[in-house]
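Topology and contacts: notes
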Protein chains: 2
Amino acid sequence: MWIGSGAVGRTVDLVAPVATGGRVAVVSDSNVAPLHAGPVREALAEAGLETTLHTFEAGEASKIRRHWSRLTDEILAEGMGRDGCVVAVGGGVTTDLAGFVAATYMRGVPVVHVATSSLAMIDAAVGGKTGVDVKAGKNLVGAFHPPVGVIADTDHLSTLPALPFAEGLVEALKHGAIRSAAHFDAIRSATAALRGGNPSEASSVVADSIAIKAAVVAEDEFEGGLREILNFGHTIGHAIESATAFAVGHGTAVAAGMRVEARMGEALGVTEPGTREALVEATRSLELPPLPPIGVEQILDHVGVDKKARGGRPRYVLLERIGAAATGEGFARPVPDAVVHETLVQELTDAL
Amino acid sequence: MWIGSGAVGRTVDLVAPVATGGRVAVVSDSNVAPLHAGPVREALAEAGLETTLHTFEAGEASKIRRHWSRLTDEILAEGMGRDGCVVAVGGGVTTDLAGFVAATYMRGVPVVHVATSSLAMIDAAVGGKTGVDVKAGKNLVGAFHPPVGVIADTDHLSTLPALPFAEGLVEALKHGAIRSAAHFDAIRSATAALRGGNPSEASSVVADSIAIKAAVVAEDEFEGGLREILNFGHTIGHAIESATAFAVGHGTAVAAGMRVEARMGEALGVTEPGTREALVEATRSLELPPLPPIGVEQILDHVGVDKKARGGRPRYVLLERIGAAATGEGFARPVPDAVVHETLVQELTDAL
């Protein structure tokens with residue numbers, strides 16, 4: 001993994017050793033391809049690799065089986081074999097979608113992620129999760145397929161609009177919330193500098209946040225235990241995304257999910273009082289958009305099919321306090337329906 | 001793995017430990033479901049597991065992404081979580097398709113294969129390959145997802161029509177051809193008894209053949225080396241299937257592929273003279289149908305996208321003699337185009 005200003009120049013170092021057949025399929029979306037795919041392809045071409053470019057329309061709505069099929073068929077038509085490599089250039093949608101193409105292409109070819117968004121750098125490109133959304137919910141079809149390497153070139157963040165940039169920082173806040181109060185505070189205090197595009201500040205926050213996630217993943221690659229804490233805020237967050245047909249962005253939904261799940265923890269006496277308030281303050285500084293009008297029942301309808309459900313019961317990661325996920329009863333636990341319902345009602349009322 | 005008469009009774013022993021959420025999705029085709037899905041479901045229900053049945057129309061034409069999507073969505077709609085289990089009841093199409101559903105369902109749930117055909121017992125259910133066919137070729141989309149266990153109940157073979165039974169034995173012959181002359185001869189001499197449905201004879205041949213494949217797979221789970229020898233006959237075989245839109249069955253195509261690839265080896269001086277003739281005799285006793293009229297160029301068009309291609313060049317497993325794959329220049333190697341063309345012409349002419 002290469003993190004920092006100019007890191008994209010290292011892409012070829014990751015790709016060349018695995019693309020032994022000399023063929024590389026670059027996958028990118030309609031926003032990112034015009035900005036960043038060209039330089040990546042040129043650098044690979046200079047190293048003697050033959051590249052083809054495969055694009056899809058930007059947006060979470062493209063992270064579906066139909067685009068996975070089409071991208072796969074396009075790359076097959078180019079004749080790339082098992083000795084080829086997929087290079088994803090883009091944000092979390094691109095790394096998830098291209099990663100799933102790579103995971104299933106001839107039963108698996110290597111993938112390198114060139115993460116260009118704060119979300120992809122901090123979250124999506126690390127940990128090996130790939131997948132697509134289906135009607136029943138987000139990421140319900142996919143595979144674990146760790147990339148052979150990740151490039152996080154913080155220069156790319158300067159091309160990112162304000163909202164996606166802020167949404168990516170929600171995952172960094174989450175990493176702080178579950179494992180490091182210092183990281184949590186660093187993001188909160190550095191938000192203004194980060195929004196101003198201060199590259200050195202961004203590099204250090206991104207690197208710290210990746211390090212937290214990588215440490216959790218390294219302890220539990222296939223999500224049998226500890227890794228579940230990375231889902232803090234996500235049981236409710238994913239349900240909000242699904243219930244609004246992805247009109248609410250991932251970061252905005254997870255920020256709301258963290259507030260709700262902190263409130264659950266406080267109601268159950270698991271989470272230190274004031275934790276939710278700290279999350280409210282930290283996410284307020286990110287200037288995320290308000291949630292659209294949405295009913296509690298709509299959200300609850302989508303909680304049931306979440307992957308974290310076991311034996312049909314949704315499970316939640318709770319905090320002990322900012323900087324520490326609660327691990328007393330396993331890393332994720334069921335919460336009584338009445339508490340889930342009540343905290344959702346409170347949160348949606350407060351959000352008005 | 002349980003092999004032999006009555007082995008299906010052991011299914012619950014394999015499923016119960018992994019279906020910790022108590023939910024099981026049984027996947028089967030329209031021919032096999034009425035015969036064998038009921039008893040499997042009843043046995044699982046007796047152990048307290050809740051099962052749902054998900055079927056598709058029998059035939060290789062169903063091994064496509066559309067059915068994979070539909071089966072996945074059906075199981076999601078039933079609410080099965082990551083703590084569920086998929087049980088495939090059927091032949092090679094079912095184990096490949098259901099295995100791919102399991103591989104990608106919530107990024108992977110366990111699968112148990114109840115193999116009911118000779119092909120599935122001998123080949124498809126062992127080794128962890130799953131996948132679907134696409135326009136560009138067979139099995140070009142898929143994943144490695146080893147089953148937690150395999151049931152090969154030889155009583156099920158008595159319900160199998162003559163042609164699928166014989167086609168499954170082609171893979172057993174292949175196992176003999178690449179690793180054991182004794183196994184090759186045993187199948188040839190036992191073919192009549194096997195066709196008569198002699199269960200004890202079938203059990204021992206099936207068990208021996210699985211043992212050969214399992215030993216090869218164990219040495220090389222992800223097909224980086226030795227495992228490639230299992231593809232003997234398959235570079236040409238898959239191309240014949242694709243070129244005829246799967247009108248030619250897998251066993252019939254691989255039998256022809258083995259003859260062509262043996263002829264290549266003899267032409268190159270790699271394979272002992274007379275090897276192809278031994279394959280002709282052994283496959284003749286299986287009474288496979290003749291190939292339909294098919295052009296050499298049609299077959300060659302489909303060889304190029306085979307997974308065994310590296311750097312765009314198709315590769316072939318050659319024999320040293322019956323019982324031993326040639327391994328001098330790696331386990332699969334390119335063959336000069338002129339030799340491929342010439343041997344295909346000869347084989348198609350001889351087949352007339």
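Coordinates for the structure precede this section.
Residues numbered from 1 in each chain as written. Chains lettered and ligands numbered in written order. Predicted model: local features only at pLDDT ≥ 70, side-chain atom pairs only at ≥ 80, totals over all residues. Heavy atoms only, no water.

**Structural notes on the pattern of salt bridges**
Residue and element names in this part refer to chain A. On inspection of all chains with the given rule, the structure shows 46 salt bridges over all chains. Between Arg188 and Asp185 there is a salt bridge, with its nearest N and O atoms 3.4 Å apart. Here Arg188 pairs with Asp185, and both are found in helix H7 (residues 181-195), just three residues apart, close to one helical turn. The exposure class of Asp185 is partly exposed, given its relative accessible area of 38%. It is possible to trace a salt-bridge network through shared partners that takes in Glu60, Lys63, Asp96, Asp133, Lys138 and Glu241. (Salt bridge = Lys/Arg side-chain N within 4 Å of Asp/Glu carboxyl O. Helix = DSSP H or I, 4+ residues; strand = E, 2+ residues; numbered from the N terminus. Buried < 20%, exposed > 50% of the residue type's maximum accessible area, 1.4 Å probe, protein only.)

**Considerations on the pairing of strand E6 (residues 129-134) of chain A**
Residues and elements named next belong to chain A. Across the six residues that make up E6, a large majority, five, are buried. Bridge count between E6 and strand E7 (residues 137-144): five bridges; the pairing is antiparallel. Of the residues in E7, the one forming a bridge with Val132 is Val141. Hairpin connection, E6 to E7: the antiparallel pair is bridged by two residues. (Pairing = 2+ DSSP bridges.)

**Let's talk about the packing of aromatic side chains**
Scanning all chains against the criterion turns up three aromatic pairs over all chains. Between A:Trp68 and B:Trp68, the aromatic rings sit 4.9 Å apart at their centres with planes inclined by 40°, giving tilted as the arrangement. Of this pair, A:Trp68 sits in helix H3 (residues 65-77) while B:Trp68 sits in helix H3 (residues 65-77), on two different chains. Neither A:Trp68 nor B:Trp68 differs from the other in exposure class; each is buried. On the numbers, 5.1 Å between centres and 25° between planes, the contact of B:Trp68 with B:Phe100 is stacked. A residue pair is termed long-range when its members are at least 10 positions apart, and B:Trp68 in helix H3 and B:Phe100 in helix H4 (residues 92-104) qualify at 32 residues. Overall, the relative accessible area of 0% leaves B:Trp68 in the buried class. One aromatic cluster is present, formed by A:Trp68, A:Phe100, B:Trp68 and B:Phe100 through successive ring pairs. For the cation-ring pair, B:Arg65 lies above A:Trp68, with the distance from its terminal atom to the ring centre recorded as 5.9 Å. (Phe/Tyr/Trp six-rings, centres within 6.5 Å; stacked < 30°, edge-to-face > 60°. Lys NZ or Arg CZ within 6 Å of the ring centre and 35° of its normal.)

**So, the relation of the copies chain A and chain B**
In the superposition of chain A on chain B (RMSD 0.0 Å, axial shift 0.0 Å), the rotation amounts to 180°. The operation mapping one copy onto its partner corresponds to a two-fold rotation axis. (Least-squares fit on C-alpha atoms with pLDDT ≥ 70 in both.)

**With respect to the packing of H3(B) against H4(B)**
Residues and elements named next belong to chain B. Contact geometry for H3 and H4: axes closest at 10 Å, N-to-C directions at 55°. As far as their axial angle goes, H4 and H3 are oblique. The handedness of the crossing between H3 and H4 is right-handed. When H3 is examined against H4, the residues His67, Trp68, Leu71, Thr72 and Ile75 are found in contact with a partner set consisting of Leu97, Phe100, Val101 and Thr104. A class-by-class count of the residues in the contact of H3 with H4 yields six nonpolar, three polar and no charged. (Axes fitted to C-alpha atoms, helices over the stretch in contact; angles between N-to-C directions. Parallel < 35°, antiparallel > 145°, perpendicular 65-115°, else oblique. Left-handed = near helix turned anticlockwise from the far one by under 90°. Contact = heavy atoms within 4.5 Å. Nonpolar A, V, L, I, M, F, W, Y, C, P; charged D, E, K, R; others polar.)

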